[in-house]
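Chain by chain, the residues:
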Amino acid sequence: MAIDTSAPSPTVSPTLRVGRRLRDDRRYALIFLGPSVLGLALFTLFPTVMALVMSLFNWPVFGNRTFVGLGNYARLLGDPIFRQVVLNTCLFVVLYVPLNVVVSLGLAAWVSPKIKGRSVFRILFFIPVMAPIVANAMVWRLMYQPGGLLDSVSQSVFGVATPSFLASSATAMLAIVVMSVWQGFGYNFLVFSTAMDQVPQEQLEAAAIDGANGIQRFRYVTLPMITPSIFFATTLTLITSFQVFAQPFLLTTGGPGNATQTLVLFVYNEGWRFLHMGLAAAAGWVLFVIIMGITAIQFLGQKRWVHYD
Amino acid sequence: MTDALTLARRRAAGRRRGAGLRSVISHFLLVAVALLFAAPLLYALGTSFKPSDEVFTRPPTLVGSELRFENYIDAFRFAPFGQYFFNSLLVAITGTAVVVAVSSLSAFAFARLRFRGRELLFVLFLGTLMVPQEVLIVPMYWLMQTLGWVDSYQALILPFAFTAFGTFLLRQFFLTVPAELVDSARVDGAGPFTIFFRIMLPLSRAALAVLSMFTFIAFWGSFLWPLIVIDTIDVKGTVPLGLTSFMAQQGTEWNLMMAASMLAMVPSVVLVVLLQKNLVRGLLTTGFGGR
Amino acid sequence: MRRFRRSRGVAGIVVAGLIAIACGSPAGTPQASNPQASAPQASTPQASAPAPSEVSADLTFQFWIGGDADKKAWETVTAVAMADHPGIKITVKGNPWPTYWTRIGTQLASPTSPCIVGMQSLRLEAYADQLVPMDDLMAKYKVNPSDFDQSILNGLKHGGKQVALPYDFGPLIIFYNRDRFKAAGVAEPKPGWTLDDFKAAATALTTGGKFGFTTSSIDQEYLSWVLDLSGAEVLDAGGKLALTSPAFVDGYKQYVALMNSGITPPGSGGAAGYTGYLAMLSQFQDQTAAMYVDGPWMAISNKAVKFQLGMATMPAGAGGSKHYTAGSGFGISKQCATPEAAFQAIVSMTSDTALKGLASVGRAYPARPAVADAWYTAADIQGARETLEYADAHSVPLLTPPNWVEAAGYFDNYGFQALTGELTPEAALQTVQDQGSLGN
């Protein structure tokens, strides 16, 4: 390994020594950072710019490309289907994120360290998170299918057939949200229960002695202390929920009609089913701007409610 | 004062008596919740062993009249699951190796090397995290076409192996390694490489494990990108792609579909059971699960 | 200051370079270095065509293949080509049906495109520009157009040029369950039976939890019915999408009304698109429904059922009995470095021998009328010949606009809503028409 033979003897002035270390570090920095920077440049920066460039063109997968300036964006903004798609995506986010956070927070509080077999719950809830989304989607298609678990339970117990959840515009999005929560909350459950473990026992006991019951202890002691985790989990869930693709793709192909078509599904359809790459790139940028905006709002708002100590 | 303490103790004792019953009910409800949660998986498992005409029965049954293990063999006959698993493993393992190597190197640079523009560069790194995969897929596909990488393993591994997430995660951790360790090593004449390989990495096993796990999960479950970039599913397809291909052909054979889905879930279940403790520990050390 | 100006210059160069890349040659131009070619072409325009055994090439054949058995069937077809031309090697690659069409567009655009691709007449327009016109090759290798059924041969033309050679075709007809007809005491349909006959039969067969008919929202289903009920086609005289023409709207409304008159299982098909097709198929095969619309290419899959299979013509409305004919063939990608070798392979793959082989396993109703007998013998469906010949005589080729893949995709979802009653038929058609006309 590289022995620093250039290390000056202690009689050399300190500034010179610092200067040489700085210079050496820069060479090393190039080597250490090289792969990462190259990779990011090639696979993130370059494509990001190319996405912008492509979005300014009429760019079919094969054939001639023509420059259309902001034509793709204009078309998107004027397209009722795209507006519906943005609304669908927002609807999914608004339904999914709170439900996910509330369920995982609530369960994390319930499955406290005193519960035996706690790790069983952690494992159980985390399995769908780790499993390929396609497998989860197949399982839930079977559940939602007329004649499937939900329908046959309803018919045996209540004598009433359930509607075909995935075939009806009214229920399709909700069905997708429920499946997504089932699949995804295990991750936040883990984050929250780990965070809750960090709350000092003394504070909880002190609150108990002061007469606080379980719910009050949670609300006034635990909750404020885990706000950084809540912030982290909510932001992450928010960002990823805007990118929902596999569930509508596999469960409903965006249907019925357009009821469950989300932004990424729109990008996929435009780019690879209908081969309009320029339009797809433009739609991708719109998604990017939306996500950036929401995340900025989250970060700005965190000062209000997140307590770091 | 004594009275207040006695009062509190009596209250606590009372609460404990009530708490005994409450805890039993709570336990019971929890088990019910767990069963409810597991119901879809159990139902799918049961269906995977049923003969095809017993899939939709009223009332619903967990097991059919017989346990058809042949369903799993049939699933293999209709689709090359062995190939799918091999591809997924190859991509996930290689991808994870690349991510860990590249991220640890750059995280070390940000954490322990001193150079001008370090903070600015790190902010830029973080900025790239803002760009969602979905913006990138369109130009990335064009890039694959240009490089001739469409329908190849490198297309599955490389394009998303250079995100700054790993750098961020590991830098967090490297910063917690005591500076004295590094400084004394430097005084002893160790160069950055020595420090990196002999000090930083061995101390960071937990963080590396967490990063590896998250990365492996991401590669293993990746669906949209392989869907776009792989043309010959039966040759280069990963498990999620293979499942959709299977669905396209056997979409109405629910028992086979469930068998295939269960097969796809096995590695996930195994990994979760094995690594669950590490996950928790990792979340703690990287500070994401903490306060 | 200096650094700032320099970085601005660099940025400018980079942007200019990116725009240059974007405006550069379109992805569709053929490349000289196709990794699949192993030997240079053996012929030039001046030299005479080489004897069949001299040409040599390494070709990939991409097709819609569902499973191992299917692949083996196609390998026997390519084996005919390899036997005719020992220097040619053909590798068979496949994707399942729905995946095939989402991939073939980008595959044809890539420099590593397969040389020989499967092409369906009703999806031809979207990809025709990427296929090599074959008329000169046909003349050179003495392929006689009149050996093929003319309707499918014309169906695989684009701009008057032949871009694929057909291997199968067939009118879309009605498969029915003979056992259920007998059990219900309903007379089996004869070619030319009327719409009233059909309604009576379907109603009589809808009893005891079972149904007379089933449908799904994929194109071959509703297009066949619209044509039959009102004579309206997808395209107008100018070749543009015309889903909102009065005749089409009328026909589609009649179709939706017919399907919702109680003769089909509720929520027919159960899902949109290809999954709906599979569900419709399984409803027929497990005897839930007694009839459905499909093409003769499905005869062998349907033969595996536990009941006797019958084939009937589309019921005659006021304008008579009308059918769409569709079919498939093989085309050559413009990216192929050895188009002549590929063409010779295709000639063998559509020869009497190959088609007889396919017909005798009932896989393809052959595009060469001379070989049709082999199919009838193999299919062994009573009344098939009469039905198919009648249907053929009362058919038009199914022609679609260039963006049909897109429009049909919309139709999958919106047509499904029309069937479930969430959308009126007119609204569904208007939406698909609006979206489908936005193509760029």
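Residues numbered from 1 in each chain as written. Chains lettered and ligands numbered in written order. Predicted model: local features only at pLDDT ≥ 70, side-chain atom pairs only at ≥ 80, totals over all residues.

Student: So what exactly am I meant to see when it comes to the overall build of chain B here?
Tutor: Check the secondary structure of chain B and you find 14 helices and zero strands. Compactness check: chain B gives a C-alpha radius of gyration of 26 Å against a globular reference of 19 Å for 291 residues, more than 25% above the reference. Along the three orthogonal principal directions, the C-alpha set of chain B runs to about 80 × 75 × 30 Å. For chain B, with 291 residues in total, the buried portion stands at 44%. The long-range share in chain B, meaning contacts at least 24 apart out of those at least 6 apart in sequence, stands at 75%. (Helix = DSSP H or I, 4+ residues; strand = E, 2+ residues; numbered from the N terminus. Rg over C-alpha atoms; globule rule 2.2 N^0.38 Å. Buried ≥ 20, exposed ≤ 12 C-beta atoms within 10 Å, placed from the backbone. Contact = placed C-beta atoms within 7 Å.)

Student: Looking at this structure, I do not really get the overall build of chain A. What am I missing?
Tutor: Within chain A one finds 13 helices and two strands. A compact globule built from 309 residues should have a C-alpha radius of gyration of about 19 Å, whereas chain A, at 26 Å, is more than 25% larger. Once the C-alpha set of chain A is aligned to its principal axes, its extents read approximately 95 × 75 × 40 Å.

Student: Before we go on, may I ask you to explain the interface of chain B and chain A in this structure?
Tutor: By a widespread convention, an interface's size corresponds to the accessible area lost as its parts come together. With 78 residues of chain B at the interface, the matching set in chain A holds 81 residues. Contributing elements (two or more residues each) for the side of chain B that touches chain A: α1 (2-48), α3 (81-112), α5 (133-147), α9 (192-203), α10 (205-221), α11 (224-229), α13 (239-250) and α14 (254-285) of chain B. Here the side of chain B that touches chain A gets 16 residues from one element, more than from any other, and that element is α14 of chain B. Within the side of chain B that touches chain A, the residues separate by chemical class into 58 nonpolar, 16 polar and four charged. (Nonpolar A, V, L, I, M, F, W, Y, C, P; charged D, E, K, R; others polar.)

Student: What am I meant to see in the packing of helix α2 (residues 71-78) of chain A against helix α13 (residues 277-305) of chain A here?
Tutor: Two measures define how a pair of helices packs: the angle their axes make with one another and the distance between the axes. Residues and elements named next belong to chain A. At their nearest, the axes of α2 and α13 sit 9 Å apart, and the two run at 70° to each other. As summarised for this structure, α2 and α13 are arranged roughly perpendicular, according to the angle between their axes. The hand of the α2/α13 crossing is right-handed. Touching Asn-72, Tyr-73, Arg-75 and Leu-76 of α2 are Gly-278, Leu-279, Ala-282, Ala-283 and Val-286, all from α13. Here the contact of α2 with α13 is composed, by residue class, of six nonpolar, two polar and one charged. (Axes fitted to C-alpha atoms, helices over the stretch in contact; angles between N-to-C directions. Parallel < 35°, antiparallel > 145°, perpendicular 65-115°, else oblique. Left-handed = near helix turned anticlockwise from the far one by under 90°.)

Student: Just checking my understanding: could you explain the sheet that holds strand β8 (residues 291-294) of chain C for this structure?
Tutor: The strands that make up a sheet pair up through hydrogen bonds in the backbone, lying either parallel or antiparallel. Residue and element names in this part refer to chain C. Reading across from one edge, β8-β7-β9 is the order of the three strands in this open sheet, with antiparallel pairing throughout. Each edge of the open sheet carries a strand with a single partner, namely β8 and β9 (309-312). With strand direction ignored, the average angle separating the axes of adjacent strands in the sheet is 30°. When strand β7 (residues 173-177) meets β9, the two strands line up antiparallel, connected through four bridges. Bridge pairing links Asn-177 to Leu-309 in β9. (Pairing = 2+ DSSP bridges.)

Student: Would you explain the packing of helix α17 (residues 404-420) of chain C against helix α18 (residues 425-436) of chain C in this entry?
Tutor: Residue and element names in this part refer to chain C. Interaxial distance between α17 and α18 falls to 9 Å at its minimum, and their mutual angle equals 160°. Between α17 and α18, the angle is such that the two are roughly antiparallel. α17 and α18 meet at a crossing whose hand is right-handed. From α17, Glu-406, Ala-407, Tyr-410, Phe-411, Tyr-414, Gly-415, Gln-417 and Ala-418 reach across to α18, where they touch Pro-425, Ala-428, Thr-431, Val-432, Gln-435 and Gly-436.

Student: Whenever I open this one, the domain arrangement of chain B confuses me. Can you help?
Tutor: All names here are of chain B. According to the domain assignment, chain B consists of domain 1 (16-68) and domain 2 (79-285). Between domain 1 and domain 2, the C-alpha centre-to-centre distance is 34 Å. The interface is formed by seven residues belonging to domain 1 together with seven residues belonging to domain 2. Looking at the side of domain 1 that touches domain 2 residue by residue, the class counts come to three nonpolar, three polar and one charged. (Domains from an automatic or database assignment.)

Student: When you look at the domain arrangement of chain A in this model, what are you seeing that I'm missing?
Tutor: Residue and element names in this part refer to chain A. If you check the domain split of chain A, you get domain 1 (14-55) and domain 2 (71-305). Its C-alpha centre places domain 1 at a distance of 36 Å from the equivalent point of domain 2. Contacts between domain 1 and domain 2 engage four residues on the former and seven residues on the latter. Of the residues belonging to the side of domain 1 that touches domain 2, the class tally is three nonpolar, one polar and no charged.

Student: Looking at this model, I keep getting lost on the environment of Phe-76 of chain B. Mind explaining?
Tutor: In this fold, Phe-76 of chain B is placed in helix α2 (residues 70-78). As a C-alpha pair, Phe-76 of chain B and Phe-246 of chain B span 170 residues in sequence and 10.0 Å in three-dimensional space.

Student: For this particular structure, what's the right way to read unusual backbone geometry?
Tutor: One non-glycine residue, Asp-151 of chain B, lies in the positive phi region at around 65°. In this fold, Asp-151 of chain B is placed in the loop between α5 and α6 (153-157). For Lys-142 of chain C, which is not a glycine, the phi torsion comes out positive at approximately 55°.

Student: Any chance you could explain the pairing of strand β10 (residues 323-332) of chain C here in plain terms?
Tutor: For a regular strand, side-chain orientation follows a simple rule: the groups alternate between the two sheet faces. Residues and elements named next belong to chain C. In terms of burial, β10 is largely enclosed, as ten of its ten residues are buried. Burial of β10 is two-sided: the residues His-323, Thr-325, Gly-327, Gly-329 and Gly-331 facing one way and the residues Tyr-324, Ala-326, Ser-328, Phe-330 and Ile-332 facing the other way are all buried. Note that strand β3 (residues 116-120) and β10 share five bridges and pair antiparallel. Bridge pairing links Met-119 to Gly-329 in β10. Examined bridge by bridge, strand β6 (residues 164-171) and β10 share seven bridges and lie antiparallel to one another. Residue pairing for β10: Gly-170 is matched across the bridge by Ala-326.

Student: Explanation requested: the environment of Asp-412 of chain C in the structure shown.
Tutor: Residue and element names in this part refer to chain C. Assignment of secondary structure puts Asp-412 in helix α17. Using a count of 24 C-beta atoms within 10 Å as the deciding quantity, one classes Asp-412 as buried. Distance in space between the C-alpha atoms of Asp-412 and Ala-289 is 21 Å, their sequence separation being 123 residues. Setting aside residues up to four positions removed in sequence, Asp-412 forms contacts with Ser-217, Ile-218, Ala-272 and Gly-273.

Student: When you look at the confidence of the model for chain A in this model, what are you seeing that I'm missing?
Tutor: All names here are of chain A. Here chain A averages 84 in pLDDT, and 91% of its residues register 70 or above. Per-element mean pLDDT across chain A ranges from 79 in helix α1 (residues 14-55) up to 93 in helix α3 (residues 80-110). Within the model, pLDDT remains below 50 along residues 1-10, and this stretch shows 14 contacts once partners closer than five positions in the same chain are excluded. Taken as a whole, residues 12-17 scores under 50 in pLDDT and shows three contacts with residues more than four places along the chain or in a different chain. (pLDDT = per-residue confidence, 0-100.)

Student: I keep staring at the confidence of the model for chain B and nothing clicks. Help me out?
Tutor: Low pLDDT marks regions whose predicted coordinates should not be analysed in detail. The predicted model of chain B has a mean per-residue pLDDT of 84, with 92% of residues at 70 or higher. Both scores are given for the predicted complex: the pTM is 0.83, the ipTM 0.83.

Student: Can you walk me through the environment of Thr-215 of chain B in this structure?
Tutor: Residue and element names in this part refer to chain B. Here Thr-215 is to be found in helix α10. Taking the number of C-beta atoms within 10 Å as the measure of exposure, Thr-215 has 24 and is therefore buried. Discounting chain neighbours no more than four positions away, the residues touching Thr-215 are Gly-95, Thr-96, Val-99 and Gly-166.

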